[in-house]
Amino acid sequence: MKYQNILKSKFESYAPVSAASWQLIENIIEERSVKKGELLLQNGEIAKEIYFVAKGALRAFITDQAGNIYNKNIFLEGDFAGSTASLIQQIPSYFAIEALEESILININYKKYRELIFKNDDLKNFYIAYLERNWVIEKEKREISLVMENATERYLDLLSKHPDISERIALLHIASHLGITPTQLSRIRKTLEKDL
């Protein structure tokens, strides 16, 4: 598989993984190409896989009863995507996951992955480090940012991590991810262009 070294580096950025454990991971992963607009997980479906974005972009979105769509998150290269609550509790997902552009994913079978975690300390260490960083530290930073930073600061922060995001992803998705309207994002972009 062409992209599994990227996945391996991602694992090792959290905790060292032995060669033996990595071989076990290789047995439960599958590389997959998806087209723009393809749904990987439907609202109400029970999630079975974690998706690692090797190339491309995904979004997790919620559709309310009135049909309004809200982006919960955008996932880009190097991100893990999935419905964590659905995976852990084996309950229907509250949101859907869609490819925003042609993407290459590495699917990880969650049930088999859980089994490996309980048998291999290095994989358990990775899992704990990942959860701490992404579900505690990063989640808290995002929540604080939504309250403390203005929308311009949030947009600039996103651009610093992904400079080409506005060429790749529709502005309405970026706006929803930032918690603002597309009109507000257009104003921010115009103001920033004037300042350059």
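Nothing here was measured: the structure is a model prediction, and the numbers come from that model.

Colleague: Describe the nonpolar core, naming the residues involved and giving the relevant values.
Modeller: The biggest cluster of nonpolar side chains holds 41 residues, and the ones touching the most others in it are Leu7, Phe11, Ile25, Leu58, Phe80 and Tyr113. Excluding anything up to four places from it in sequence, Ile25 contacts Phe11, Tyr113, Leu116 and Leu123. In this structure, Ala151, Ile169, Ala175 and Ile188 belong to the second largest nonpolar core, which totals 16 residues.

Colleague: Explain the side chain of Arg154 residue by residue, including any values.
Modeller: Looking at the element boundaries, Arg154 is found in helix α6 (residues 151-161). Using a relative accessible area of 11% as the deciding quantity, one classes Arg154 as buried.

Colleague: Account for the UniProt feature "domain: Cyclic nucleotide-binding" (unreviewed entry) in the chain, with residues named and values stated.
Modeller: The feature "domain: Cyclic nucleotide-binding" (unreviewed entry), as given by UniProt, occupies residues 25-134 in the numbering adopted here. This span, residues 25-134, is 29% helix and 40% strand, and a straight line between its end C-alpha atoms measures 21 Å.

Colleague: How would you explain helix α8 (residues 171-178) if you had to name every residue and give the values?
Modeller: Of all the positions in α8, only His173, Ile174, Ala175, His177 and Leu178 are classed as buried. Positive phi appears at Gly179, one or two residues downstream of α8, with a value of about 80°.

Colleague: Residue-level account of the packing of helix α1 (residues 4-12) against helix α2 (residues 19-26), with values.
Modeller: Think of two packed helices as two axes; the pair is described by the angle between the axes and how far apart they sit. Across the interface, α1 lies against α2 with an axial gap of 12 Å and an inter-helix angle of 130°. Comparing the axis directions of α1 and α2 gives the class oblique. Crossing of α1 over α2 shows right-handed handedness. Residues Gln4, Leu7, Lys8 and Phe11 of α1 lie in contact with α2, whose contacting residues are Trp22, Ile25 and Glu26. Split into classes, the residues belonging to the contact of α1 with α2 amount to four nonpolar, one polar and two charged.

Colleague: Mind laying out the sheet that holds strand β3 (residues 49-55), listing which residues take part and the relevant values?
Modeller: The four strands are arranged β1-β8-β3-β6 in an open sheet whose pairing can be described as antiparallel. The sheet terminates laterally at β1 (29-34) and β6 (80-81), the two strands that pair on one side only. Strand direction decides the pairing type here: β3 and β6, joined by two bridges, are antiparallel. Across the sheet, residue Phe52 finds its bridge partner in β6, namely Phe80. Against the sheet, helix α4 (residues 110-119) makes contact with β3 and β8 (103-109), and its axis sits at roughly 55° relative to β8, the strand it touches most.

Colleague: Go over the pairing of strand β4 (residues 57-63) with me, naming the residues and quoting the values.
Modeller: Burial within β4 is extensive, with five of its seven residues counted as buried. Taking the residues that link successive antiparallel strands as the turn, the β4-strand β5 (residues 69-76) hairpin has five residues, and the phi of Gly67 there is positive, at about 90°. Bridging between β4 and strand β7 (residues 96-99) involves four bridges; their strand directions are antiparallel. Within β7, the position partnered with Phe61 by the bridge is Ala96.

Colleague: Just give me the short version of the packing of aromatic side chains, but keep the residues and values in it.
Modeller: Evaluation of the coordinates by the stated rule reveals eleven aromatic pairs. When the ring of Phe11 is compared with that of Phe80, the centres are 6.2 Å apart and the planes differ by 80°; the resulting orientation is edge-to-face. Residue Phe11 is found in helix α1, and its partner Phe80 is found in strand β6; the two are separated by 69 residues along the sequence. When its relative accessible area of 11% is taken as the criterion, Phe80 is described as buried. Members of the aromatic cluster, joined through ring pairs, are Phe11, Tyr14, Trp22, Phe52, Phe80, Phe126 and Tyr130. When the ring centre of Phe61 is taken as origin, the NZ or CZ atom of Arg59, which lies over that ring, is 4.0 Å away.

Colleague: Describe unusual backbone geometry, naming the residues involved and giving the relevant values.
Modeller: Backbone phi values are negative for most residues with the exception of glycine, while trans is the configuration of most peptide bonds. Positive phi, normally seen in glycine, also occurs at Gln90, with a value near 55°. Note on placement: Gln90 falls in the loop between α3 (84-89) and β7.

Calculation notes
- Residues numbered from 1 in each chain as written.
- Predicted model: local features only at pLDDT ≥ 70, side-chain atom pairs only at ≥ 80, totals over all residues.
- Heavy atoms only, no water.
- Core = buried A, V, L, I, M, F, W, Y, C linked by side-chain atoms within 4.5 Å.
- Buried < 20%, exposed > 50% of the residue type's maximum accessible area, 1.4 Å probe, protein only.
- Contact = heavy atoms within 4.5 Å.
- Helix = DSSP H or I, 4+ residues; strand = E, 2+ residues; numbered from the N terminus.
- UniProt positions renumbered as here; feature names shortened; annotations may be inferred.
- Axes fitted to C-alpha atoms, helices over the stretch in contact; angles between N-to-C directions.
- Parallel < 35°, antiparallel > 145°, perpendicular 65-115°, else oblique.
- Left-handed = near helix turned anticlockwise from the far one by under 90°.
- Nonpolar A, V, L, I, M, F, W, Y, C, P; charged D, E, K, R; others polar.
- Pairing = 2+ DSSP bridges.
- Phe/Tyr/Trp six-rings, centres within 6.5 Å; stacked < 30°, edge-to-face > 60°.
- Lys NZ or Arg CZ within 6 Å of the ring centre and 35° of its normal.

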